[in-house]
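Fold and geometry: a report
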Amino acid sequence: MRVPLPQSGEPWADLKARMRAYAGGDVRWRDGKTAVYVFNAGPEVEQVQKEAYGLFMSENGLGPLAFPSLARMEAEVVGFGLSLLNAPEEASGVITSGGTDSITMAVKAARDYARKEKGVTGPLNIVLPRSAHPAFDKAAAVMEIAVRRTPLKDFLADPAAMADATDAATMMIVGSAPCFPFGLIDPIEALSDLAVERDLWLHVDACVGGYLAPFVRMNGVDLPAFDFALPGVRSMSADLHKYGYCAKGASTVFFRSAALQAFMIFDQNDWPGGRMITPTLAGTRPGGAISAAWAVMNFLGVEGYCAKQGAVTATRERIQAGVRELGFTVQGNPQLGLIAFSHPEVGAFPIWAKLRSRGWFTSMTSEPPGLHLMLSPFHAEVAETYLADLAWALEAVRGETAPAGAVARYS
Ligand SMILES: *Cc1c(COP(=O)(O)O)cnc(C)c1O
């Protein structure tokens with residue numbers, strides 16, 4: 001659809017008002033009734049994100065020589081991630097634009113490693129548990145790599161099934177910490193053993209858990225090993241713009257060694273513009289995403305994160321107990337900020353729709369059909385309201401005959 005550009009410019013004050021009006025139909029996530037897409041760590045963190053983003057909004061992370069400030073902030077943020085994820089001294093990483101970018105670059109590195117280092121010719125494959133994020137399928141589609149998704153066992157990756165699916169053309173196996181659908185940490189230790197035994201590249205997708213799990217562990221929760229402490233883990237993805245509470249457009253991808261990371265970097269000299277070296281999928285890299293990440297991480301520190309993440313897990317525990325009291329079954333044993341649950345008698349979609357009518361905007365799972373919450377620190381303030389509205393929704397749906405074959409459409 002063509003839209004003519006206004007002939008003359010409009011005053012900023014008018015535009016701002018119009019943008020606010022456009023946003024009138026958006027979910028009101030600051031009220032705490034949204035549990036997908038947005039991570040709400042409160043107004044203070046939001047202010048730090050915004051101001052820090054604005055300070056370096058025009059600067060470009062593509063030019064570390066021009067902007068040593070951004071190079072320094074990126075190195076420090078990457079260093080924070082490496083130390084939180086128990087990486088060895090020779091490990092390295094970069095900031096990318098998001099989880100999909102991080103995963104794509106890890107796949108690219110593993111692909112080039114398989115070709116150049118292991119000499120694999122012909123078609124390659126990636127072995128994924130069924131619960132792994134579609135970003136792997138996207139990266140594989142772009143690079144024409146086959147995807148083998150293996151069945152889950154108790155909602156977790158099944159290392160035996162994954163072992164059976166591997167062969168000489170397997171360039172990567174994946175575990176999630178946690179997976180998005182159920183919020184469960186896969187048995188990464190067993191996958192690490194498999195990776196070591198068969199010399200496979202194990203990527204741990206900690207996009208949603210990488211900046212949550214370390215602090216949950218510091219808070220005393222007994223989490224299974226999931227990071228570089230396990231010798232088979234060669235790369236990890238961890239999103240700053242999720243439970244790192246940084247501005248959107250920021251994730252990290254890490255490698256066990258700089259030598260492995262070298263397979264990710266794209267270096268092109270054969271054109272008239274001079275040598276161009278890019279570590280990630282992006283060319284231009286928004287300085288604001290880097291500076292906002294640096295500022296939020298330093299603003300919160302270990303103590304700030306432990307407090308925020310403690311609020312997340314306490315809220316999840318409260319909701320977990322509350323939905324069980326209402327007769328829902330929780331999928332597996334979630335330990336972080338995501339939870340999925342279904343009711344044995346009442347369909348997930350009709351309940352979701354009722355909750356939507358009371359202003360809740362949450363997600364759903366399809367296998368099994370269930371409700372899905374991605375909790376933020378701010379949800380501590382609305383957990384009781386959610387449970388009360390869920391009880392109301394359940395009764396309301398029970399009192400009606402749900403239309404057959406209703407299909408979820410929420411995104
Ligand atoms: C969010 C997520 C991704 C993708 O990250 P984006 O930033 O949305 O591209 C990948 N894996 C998991 C487990 C995620 O939760």
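Residues numbered from 1 in each chain as written. Predicted model: local features only at pLDDT ≥ 70, side-chain atom pairs only at ≥ 80, totals over all residues. Heavy atoms only, no water.

Moving on, we get to the site of the ligand. Within the structure, the ligand sits among 13 residues, and G99, T100, D205, H241 and K242 are positioned closest to it. The contact in question runs from an oxygen atom of the ligand to an N or O atom on the side chain of H241, over 2.8 Å. Look at the ligand: alone it shows 380 Å² of surface, and the protein chains cover 85% of it. In terms of residues, the shell around the ligand owes the most to one element, helix 4 (residues 99-116), which gives 3 residues. Looking at the shell around the ligand, its residues break down into 5 nonpolar, 5 polar and 3 charged. (Near = heavy atom within 4 Å. Polar contact = N/O pair within 3.5 Å; in protein donor to acceptor, adjacent residues only side chain to side chain. Areas by Shrake-Rupley, 256 points an atom, 1.4 Å probe, with all protein chains shown as cover. Helix = DSSP H or I, 4+ residues; strand = E, 2+ residues; numbered from the N terminus. Nonpolar A, V, L, I, M, F, W, Y, C, P; charged D, E, K, R; others polar.)

Right, let's talk about the sheet that holds strand 2 (residues 125-129) for a bit. If you trace the 7 strands from one edge of the open sheet to the other, you get 1-9-8-7-6-2-3, paired in mixed fashion. Looking at the sheet topology across the chains shown, the edges are occupied by strand 1 (92-96) and strand 3 (146-150). Going across the sheet, the axis of each strand differs from the next one's by a mean of 20°, ignoring polarity. Most of the contacts of helix 4 go to strand 9 (residues 251-255), to which it runs at about 20°, and overall it touches strand 1, strand 2, strand 6 (170-176), strand 7 (202-205), strand 8 (233-238) and strand 9. (Pairing = 2+ DSSP bridges. Axes fitted to C-alpha atoms, helices over the stretch in contact; angles between N-to-C directions. Contact = heavy atoms within 4.5 Å.)

Each assigned domain of the protein is listed with its residue range as follows: domain 1 (49-297) and domain 2 (302-395). Placing the centre of domain 1 and that of domain 2 at their C-alpha centroids yields a distance of 28 Å. Each partner contributes to the interface: domain 1 provides 27 residues, whereas domain 2 provides 24 residues. With both chains or domains summed, domain 1 and domain 2 bury close to 2200 Å², and 67% of this area falls on carbon and sulfur atoms. Summed over the shared surface of domain 1 and domain 2, the number is 1 salt bridge. Residue E367 pairs with R130 through a salt bridge whose shortest N-O separation is 2.8 Å. Linking domain 1 with domain 2 are 10 residue pairs in polar contact (both at pLDDT 80 or more), by the criterion used here. Elements represented by at least two residues in the side of domain 1 that touches domain 2 include exactly helix 8 (213-218) and helix 10 (287-325). In terms of residue count, helix 8 provides more of the side of domain 1 that touches domain 2 than any other element does, 4 residues in total. In terms of residue class, the side of domain 1 that touches domain 2 is made up of 22 nonpolar, 3 polar and 2 charged. (Domains from an automatic or database assignment. Buried area = accessible area lost by both parts, 1.4 Å probe. Salt bridge = Lys/Arg side-chain N within 4 Å of Asp/Glu carboxyl O.)

Taken together, the side chains of L62, W271 and M276 define a hydrophobic patch exposed on the protein surface, amounting to about 260 Å² of accessible area. Turning to its location among the elements, M276 is positioned in strand 11 (residues 276-278). (Patch = residues over 30% accessible without salt bridge, like charges linked within 9 Å, V, L, I, M, F, W, Y side chains within 5 Å.)

Our next topic: the nonpolar core. By size, the foremost hydrophobic cluster in this structure holds 89 residues, and its most contacted members are Y245, F341, I351 and Y386. The element contributing the most residues to this core is helix 10, with 13 residues. Counting only domains with at least three residues in this core, you end up with domain 1 (49-297) and domain 2 (302-395). Listed in part, the 30 residues of the second largest apolar core include V94, V107, L128 and C207. (Core = buried A, V, L, I, M, F, W, Y, C linked by side-chain atoms within 4.5 Å. Buried < 20%, exposed > 50% of the residue type's maximum accessible area, 1.4 Å probe, protein only.)

Here we take up the packing of aromatic side chains. Tallied over the entire structure, the rule returns 13 aromatic pairs. Ring plane angle 85° and centroid distance 5.4 Å describe the contact between Y113 and F263, whose orientation is recorded as edge-to-face. Here F263 lies in the loop between helix 9 (258-261) and strand 10 (266-268) and Y113 lies in helix 4, a separation of 150 residues in the sequence. In this structure F263 comes out as buried when scored by relative accessible area, which is 14%. Geometrically, the ring pair formed by F328 and F341 is edge-to-face, given 5.3 Å between the ring centres and 90° between the ring planes. You can see F328 sitting in the loop between helix 10 and strand 12 (329-330) and its partner F341 sitting in strand 13 (residues 338-342), a full 13 residues away along the chain. By relative accessible area, which is 0% here, F341 ends up buried. (Phe/Tyr/Trp six-rings, centres within 6.5 Å; stacked < 30°, edge-to-face > 60°.)

The peptide bond linking A177 to P178 adopts the cis configuration, its omega dihedral lying at -5°. On the secondary structure map, P178 appears in the loop between strand 6 and helix 7 (188-198). Omega for the peptide link from E367 to P368 comes to 5°, which places this bond in the cis form. Within the secondary structure layout, P368 lies in the loop between strand 14 (363-366) and strand 15 (369-374). Despite not being glycine, N86 has its phi angle at roughly 55°, a positive value. Looking at the element boundaries, N86 is found in the loop between helix 3 (68-84) and strand 1. Although it is not a glycine, F155 adopts a positive phi angle of roughly 70°.

All right, on to the sheet that holds strand 12 then. Within the open sheet, the 4 strands sit side by side as 12-13-15-14. Their pairing is antiparallel. Where the open sheet ends on each side, the last strands, each with one partner, are strand 12 and strand 14. By the bridge criterion, 4 bridges tie strand 14 to strand 15 in an arrangement that is antiparallel. By the bridge assignment for strand 15, S363 is matched with H372. Against the sheet, helix 10 engages strand 12, strand 13 and strand 15, with an angle of about 5° to strand 13. Where helix 11 (residues 348-357) meets the sheet, its contacts fall on strand 14 and strand 15, and the angle it forms with strand 15 comes to roughly 40°.

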